[in-house]
Amino acid sequence: MIDDSATQWINSLMDTLGAPGAGLAIALENLFPPLPSEVILPLAGFAASTGGMSLVAALVWTTIGSVVGALALYGVGAVLGRDRMVALAAKVPLVKVSDIERTEAWFQRHGTKAIFFGRMVPIFRSLISVPAGIERMRLPVFLGLTTLGSAIWNTVFVLSGYLLGENWEEVTGYVSVYSKVVLIAAVLAVLLFMALRIFRPGRGRRRGNDAESPRPQRLPARQGR
């Protein structure tokens with residue numbers, strides 16, 4: 001269900017600022033995920049269909065807003081840095097430094113794909129900018145991938161709102177299902193990680209005990225008389 005107060009606020013922002021208002025709303029959505037892009041973008045498309053702004057302006061400004069918001073989170077990751085991240089992770093139960101190192105290795109291999117496709121995944125589309133900042137991904141690469149991924153995501157939703165007109169709210173139903181699937185998958189992944197962390201040490205201790213148990217000594221060979 002769409003939050004009426006959020007919709008009214010976004011509407012008033014677009015009425016006041018036009019297409020730049022849509023861009024500002026999307027930039028804030030990156031920093032405050034409760035502001036839903038699945039409401040902002042179709043609503044911008046609907047506003048374009050009624051003449052409130054041009055369609056091109058809606059696409060350009062929402063993409064600019066996405067890049068600005070992502071760049072702010074990149075800055076948060078860069079300021080946080082690896083040392084602070086490791087220190088914070090060390091305080092989280094069941095998380096080890098080796099987990100951080102494996103994540104870093106994965107991001108070094110697949111970071112470009114993660115940034116591009118992550119911009120099209122609810123929940124993670126904002127958060128993916130933080131590890132990019134922590135790992136100090138080259139800024140031109142980050143900006144290029146973020147712009148391209150955001151442009152695709154934004155275009156789909158702005159055009160949907162533009163074509164659906166007054167029925168733009170239908171888009172949010174499909175995105176809601178998509179978001180729930182992503183959220184469930186993320187929760188299951190976290191639960192699996194916790195289960196492995198809880199049960200693996202027990203197996204490790206048993207292996208250690210087995211390793212410490214004395215081996216049977218071989219009897220000396222009998223010498224012939």
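About the criteria used
Residues numbered from 1 in each chain as written. Predicted model: local features only at pLDDT ≥ 70, side-chain atom pairs only at ≥ 80, totals over all residues. Heavy atoms only, no water. Helix = DSSP H or I, 4+ residues; strand = E, 2+ residues; numbered from the N terminus. Expected span 1.5 Å × (residues − 1). Buried < 20%, exposed > 50% of the residue type's maximum accessible area, 1.4 Å probe, protein only. Phe/Tyr/Trp six-rings, centres within 6.5 Å; stacked < 30°, edge-to-face > 60°. Contact = heavy atoms within 4.5 Å. Polar contact = N/O pair within 3.5 Å; in protein donor to acceptor, adjacent residues only side chain to side chain. Core = buried A, V, L, I, M, F, W, Y, C linked by side-chain atoms within 4.5 Å.

Undergrad: What is the right way to read helix α3 (residues 37-49) from this model?
TA: An α-helix turns once per 3.6 residues; consequently, residues spaced three or four apart project the same way. With 13 residues, α3 should cover 18 Å at 1.5 Å per step; its first-to-last C-alpha distance of 18 Å lies within 8% of that length. Counted residue by residue, α3 has 10 buried out of 13 residues, so it is predominantly covered. Of the positions making up α3, those classed as buried are S37, V39, I40, L41, P42, L43, A44, G45, A47 and A48. In the stretch just after α3, G51 is the one whose phi turns positive, near 90°.

Undergrad: Even after reading the chapter, I still don't get the packing of aromatic side chains, so can you show me in this structure?
TA: Pairs of aromatic rings are described using the distance from one ring centre to the other and the angle between the two planes. Summed over the entire model, instances satisfying the criterion amount to three aromatic pairs. Ring geometry for Y74 and F142: centres 4.7 Å apart, planes at 35°, overall tilted. Taken together, the positions of Y74 in helix α4 (residues 55-90) and F142 in helix α8 (residues 139-164) put the pair 68 residues apart, joining distant regions of the chain. Exposure class is identical for Y74 and F142. Each is buried. Ring geometry for W153 versus F157: centroids 4.6 Å apart, planes at 50°, classification tilted. Residue W153 and its partner F157 are both found in helix α8; the two are separated by four residues, about one turn of the helix. As far as burial versus exposure is concerned, W153 and F157 are alike and both buried.

Undergrad: Help me understand the environment of N30, please; the structure alone is not making it clear to me.
TA: Its place among the elements puts N30 in helix α2 (residues 19-31). Assessed through its relative accessible area of 2%, N30 is described here as buried. Separated by 40 residues in the primary sequence, N30 and A70 have C-alpha atoms spaced 6.4 Å apart. Setting aside chain neighbours within four positions, we find N30 in contact with G65, S66, G69, A70, L73, R119 and S126. Of the polar contacts made by the side chain of N30, one reaches the backbone oxygen of I26; its length is 2.9 Å.

Undergrad: Would you mind showing me how to read the nonpolar core here?
TA: Soluble globular proteins: nonpolar side chains tend toward being buried together. Ranked by size, the top nonpolar core spans 32 residues in total, and within it M14, M53, I115, A132 and F142 carry the most contacts. Among the elements that make up this core, the one with the highest residue count is α3 (seven residues). Apart from residues no more than four positions distant in its own chain, I115 is found in contact with F107, I128, A132, M137, F142, L145 and T146.

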